[in-house]
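For reference, the chains in residue letters:
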Amino acid sequence: PIPIFLAILMGLQHCFAMVGGLITPPLVIFRFTVCGFPFCPPLEQYAISASLIMSGICSLINVAKMKVPFSDKIFGRDMYIG
C-alpha cells in the first residue's frame, strides 16, 4: 500500500501535468497561428476555457455508464474504482 502523503503528492503532480497539457495546445495554436503577431487575448482565453470545459464534460461521460440507444452496449466505464 502507498502512504497517504505520497498518494496526495502523486495526485497533485498528475493534476498539474493534466492542466498544463490542457492549456498549452490552445495557447500555442492561437498565439502563433490563428492570431498572428498582434496577439488576441480574448480568443486565447476562449480557447483555453473551451478546452477545460470539454475536458470536464468528457470526464463525466467517461465516468458515467450510459446505454447506447438501440443497442445493448454501454458507453463509459464498465467498472468503478473507488
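Higher on the page you've got the structure.
(A) Representation of the overall build of the protein in the model. Secondary structure assignment for the protein yields 2 helices and 2 strands. The secondary structure elements of the protein, listed N-terminal to C-terminal, are α-α-β-β. Residue burial in the protein is summarised as follows: out of 82 residues, 10% are buried. Considering only intrachain contacts with a sequence separation of at least 6, the fraction spanning at least 24 residues in the protein is 14%.

(B) Representation of the side chain of S51. Assignment of secondary structure puts S51 in helix α2 (residues 41–63). On the accessibility criterion, S51 (19% relative accessible area) is buried. Not counting chain neighbours up to four residues away, the residues in contact with S51 comprise L22 and P26.

(C) Structural view of α2. Compared with the 33 Å implied by 1.5 Å per residue over 23 residues, the 33 Å span of α2 between its first and last C-alpha is a close match. Buried residues along α2 sit in contact with α1 (4–34).

What counts and how
Residues numbered from 1 in each chain as written. Predicted model: local features only at pLDDT ≥ 70, side-chain atom pairs only at ≥ 80, totals over all residues. Heavy atoms only, no water. Helix = DSSP H or I, 4+ residues; strand = E, 2+ residues; numbered from the N terminus. Buried < 20%, exposed > 50% of the residue type's maximum accessible area, 1.4 Å probe, protein only. Contact = heavy atoms within 4.5 Å. Expected span 1.5 Å × (residues − 1).

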